[in-house]
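Residue-level listing of the chains:
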Amino acid sequence: MKGPHVMVLSAFSFSLMSLCVKQLGGRIPVAEVVFIRALISLALSWWVIQRQGVSPWGNRRPMLIWRGVVGTLALFCFYGAISQLPLAAATVLQYLYPTFTAALAWGALGERAGKRILLAMALGWLGVLLVAQPDWLAQLTGDSAMDPLPALAVAIGITGALLTALAYVTVRHLATDEHRSVIIFYFPLMSVPMALPFVLANPVWPNATEWAWLIGVGLFTQLGQIFLTQGLSSMPAARATAINYVQVVFAALWGLLFLEESINDLMVMGAVLVLGATLISLKPMRA
């Protein structure tokens, strides 16, 4: 499959992962969700690497470790935001990261964002605002029905977006000379020791239903990582992450269908803009 197609599949997989996290209801601590998700991904990644006959340790270990550490911190922030916010809102905040990615890719990788990608990012950013409906937007429109998002949860979500951008640019940089499976492997390899101390400090044993959701988190994360790494290996980071705006649409849909989260006209308009940004990104860029 081509890069744009696998990026859409990545967004779809990660949206299902987010739904599984939301279904846990916040009883399981964030660190424990990260830890169990990492154990599942670590086992699957190791199995894939052994099947492929690839050395798991890679060539650029410091940067691989950095990718794993930054990605884990981003995961803590994202799961924390999901536990405190509606699924669509948490996903929207996470998808501030394409703007950060474009800026970091320009500075670190020398990638130039064409006019088409800049337009896609502008539409996606506007869509993000309409879906998130921040405090100032409610005051501007005079719509008292809007519920402002908790400031701390918003800050956690934005921090997660910045960390995600750092992780994505690192993946793009590593993809030139590291095997995709090795890049994927280092993420849970770092997540396990980073999350373990928090799990030991406050362990909560999941019930049968929670185990099912936790396994879903691990499986859908693994699928999302596979598609994400493949996509970032074959196309510029700014364009790849602009396509991933479509996860906002998936999140709003899951919230409506499974979580009884309401969707108003502004959220629909935002979703349309996000979809438009994705469609623009799917078109091939001119030389």
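## Describing the overall build of the chain
Line of reasoning, step 1. Helix and strand counts for the chain stand at 13 helices and 0 strands.
Line of reasoning, step 2. Each helix (α) and strand (β) of the chain, taken in turn from the N terminus, gives the series α-α-α-α-α-α-α-α-α-α-α-α-α.
Line of reasoning, step 3. In the chain, 91% of the contacts between residues at least 6 apart in sequence involve partners at least 24 apart.

## Here's the deal with the environment of Ala11
Line of reasoning, step 1. Positionally, Ala11 belongs in helix α1 (residues 3-23).
Line of reasoning, step 2. The spatial distance from the C-alpha of Ala11 to the C-alpha of Phe250 is 8.1 Å, given a sequence separation of 239 residues.
Line of reasoning, step 3. Apart from the residues within four sequence positions on either side, Ala11 is in contact with Asn244, Val246, Gln247 and Phe250.

## Observations concerning a nonpolar patch on the surface
Line of reasoning, step 1. Among the surface-exposed residues, Leu253, Leu256, Leu257 and Phe258 lie close enough to one another that they form a single nonpolar patch of about 390 Å² accessible area.
Line of reasoning, step 2. If you trace the backbone, Leu257 turns up in helix α12 (residues 246-258).

## A closer look at the pattern of salt bridges
Line of reasoning, step 1. With the rule as written, the count across this model stands at 2 salt bridges.
Line of reasoning, step 2. With a closest N to O distance of 2.7 Å, Arg27 and Glu210 form a salt bridge. Taken together, the positions of Arg27 in the loop between α1 and α2 (30-52) and Glu210 in helix α10 (residues 208-234) put the pair 183 residues apart, joining distant regions of the chain.
Line of reasoning, step 3. A relative accessible area of 7% places Glu210 in the buried class.
Line of reasoning, step 4. Across the pair Arg60 and Asp177 runs a salt bridge whose closest N-O atoms are separated by 3.0 Å.

## Some remarks on α1
Line of reasoning, step 1. The first and last C-alpha atoms of α1 sit 30 Å apart over 21 residues, in line with the 30 Å expected at 1.5 Å per residue.
Line of reasoning, step 2. Burial of α1 is extensive: 15 of the 21 residues sit out of reach of the surface.

## Here's the deal with the side chain of Thr229
Line of reasoning, step 1. Looking at the secondary structure, you find Thr229 in helix α10.
Line of reasoning, step 2. Looking at Thr229, the relative accessible area reads 1%, which means it is buried.
Line of reasoning, step 3. Ignoring sequence-local partners within four residues, the contact set of Thr229 consists of Val171, Arg180, Ile183 and Ile184.

## Description of the confidence of the model for the chain
Line of reasoning, step 1. Residues at a pLDDT of 70 or more form 90% of the chain, whose mean pLDDT is 85.
Line of reasoning, step 2. Across the chain, the element-wise mean pLDDT spans from 71 in helix α5 (residues 97-108) up to 95 in helix α9 (residues 180-201).

## A word on the nonpolar core
Line of reasoning, step 1. Val33, Tyr79 and Tyr245 are the most contacted members of the largest nonpolar core, which has 76 residues in total.
Line of reasoning, step 2. Each residue touching Tyr245, except ones within four places of it in the same chain, is listed here: Tyr95, Pro98, Thr99, Ala120, Met121, Gly124, Trp125, Val128, Val274, Ala277 and Thr278.
Line of reasoning, step 3. In this structure, Ala11, Leu16, Leu19 and Val246 belong to the second largest nonpolar core, which totals 9 residues.

Here is what the cut-offs are and how they apply
- Residues numbered from 1 in each chain as written.
- Predicted model: local features only at pLDDT ≥ 70, side-chain atom pairs only at ≥ 80, totals over all residues.
- Heavy atoms only, no water.
- Helix = DSSP H or I, 4+ residues; strand = E, 2+ residues; numbered from the N terminus.
- Contact = heavy atoms within 4.5 Å.
- Patch = residues over 30% accessible without salt bridge, like charges linked within 9 Å, V, L, I, M, F, W, Y side chains within 5 Å.
- Areas by Shrake-Rupley, 256 points an atom, 1.4 Å probe, with all protein chains shown as cover.
- Salt bridge = Lys/Arg side-chain N within 4 Å of Asp/Glu carboxyl O.
- Buried < 20%, exposed > 50% of the residue type's maximum accessible area, 1.4 Å probe, protein only.
- Expected span 1.5 Å × (residues − 1).
- pLDDT = per-residue confidence, 0-100.
- Core = buried A, V, L, I, M, F, W, Y, C linked by side-chain atoms within 4.5 Å.

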